[in-house]
Amino acid sequence: MARIARLTSNFTRVGPEYRFGDQTDFHEIKQTFGFKTITIGSWVSASEQRIGANLIYDALADLAQILQVPPLVIGLKNTLNFAFGTGGQLGVQAHYNASTRTLALAKNAGAGALAHEWWHAFDHYICKRVFANTYAHGFASSVWLKQPIYNPHPLNLQLDKFFKTIFLTDKGAQPSEFFESAKNLDKRYGILYFSRPEELSARAFETCIANNSVIRNDYLVSGVKNSELAHQGGFPSAINTAILSDIIFEYFSVLGTALHHRSG
């Protein structure tokens, strides 16, 4: 029988101090990051709640810092639900449920998957703000391949550049090397997963987060560098990552600046 290690606080992190050693809790996480609801699994002990709350708070604060957005942006205008240790499948670190708009993080195996799953939530949230006539549970990255952006807002055009760089070559005429590698991974494992648009964009985003030059947080993102999947071409190349990072960090920086001005 597989044995899952208990939740610990032993994750490498290099970044700013937010709590200065203070203990946080899930109520503070909800208020700080603007989640609609937070649900804690009944099998999460008080000790695990304390450890988990600190790890999650720091990881989400790091994400907001990297993206240069107010912390409340993480909760996607109070539409995103968060669940910690509420169950799930063995071996699944985290999951975003589009039908309930819930980011669910496993108690003992969720480390490193938070950035990936948050992108899924954002990708879902932004879809109807970018495209016309989309279905309720659509992901912008997937719809991008089917119809053009209808709202030519500068932020939407920046997102358009992000998707174009993920899916297409420089000239925009052929599938990208990243997509071709993902398609080969699907063929190798006999599944349709790695080449799905929403998965390609989530891996692209987490790669950008992992390769930022200021903060390292292995609870937020890990496995992007020197992993088996990385060696198999499961993430964008270093050159592509630099381009993608410039695009998506500019997107969120502009968004963050606009929100700061609006609230000022």
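The sections below set out a description of the structure shown in this document.

Procedures and definitions
- Residues numbered from 1 in each chain as written.
- Predicted model: local features only at pLDDT ≥ 70, side-chain atom pairs only at ≥ 80, totals over all residues.
- Heavy atoms only, no water.
- Core = buried A, V, L, I, M, F, W, Y, C linked by side-chain atoms within 4.5 Å.
- Buried < 20%, exposed > 50% of the residue type's maximum accessible area, 1.4 Å probe, protein only.
- Helix = DSSP H or I, 4+ residues; strand = E, 2+ residues; numbered from the N terminus.
- Contact = heavy atoms within 4.5 Å.
- Phe/Tyr/Trp six-rings, centres within 6.5 Å; stacked < 30°, edge-to-face > 60°.
- Lys NZ or Arg CZ within 6 Å of the ring centre and 35° of its normal.
- Pairing = 2+ DSSP bridges.
- Right-handed = clockwise from strand over helix to strand, strands pointing away.

Things to note about the nonpolar core
Move 1: Among the nonpolar cores identified, the biggest contains 76 residues, and I29, W118, W119, F205, I209, I248 and F252 are the most heavily contacted of them.
Move 2: Among the elements that make up this core, the one with the highest residue count is helix α2 (residues 46-67) (eleven residues).
Move 3: For W118, the residues in contact, after removing those within four places along its chain, are L63, L67, V73, I74, L76, L80, L103, F205 and F252.

Focus on the packing of aromatic side chains
Move 1: Within the structure shown, the criterion is met by 21 aromatic pairs.
Move 2: Here F163 and F167 contribute two aromatic rings whose centre-to-centre distance is 6.3 Å and whose plane-to-plane angle is 25°, an arrangement assigned as stacked. One end of the pair, F163, and the other, F167, are both in helix α5 (residues 154-167), four residues apart, so they sit about a helical turn from each other.
Move 3: Judged by its relative accessible area of 5%, F167 falls in the buried class.
Move 4: Here the guanidinium or amino end of R129 rests over the ring plane of Y125, the centre of that ring lying 3.8 Å away.

So, the pairing of strand β3 (residues 81-84)
The side chains of a regular strand alternate between both faces of the sheet.
Move 1: Side-chain alternation along β3 places N81 and A83 on one buried face and F82 and F84 on a second face that is also buried.
Move 2: Where strand β2 (residues 37-40) meets β3, four bridges bridge the pair, whose relative direction is parallel. Counted as the bridge partner of I40 is F84 from β3.
Move 3: Between the parallel pair β2 and β3, the chain is carried across by α2, and the sense of this crossover is left-handed.

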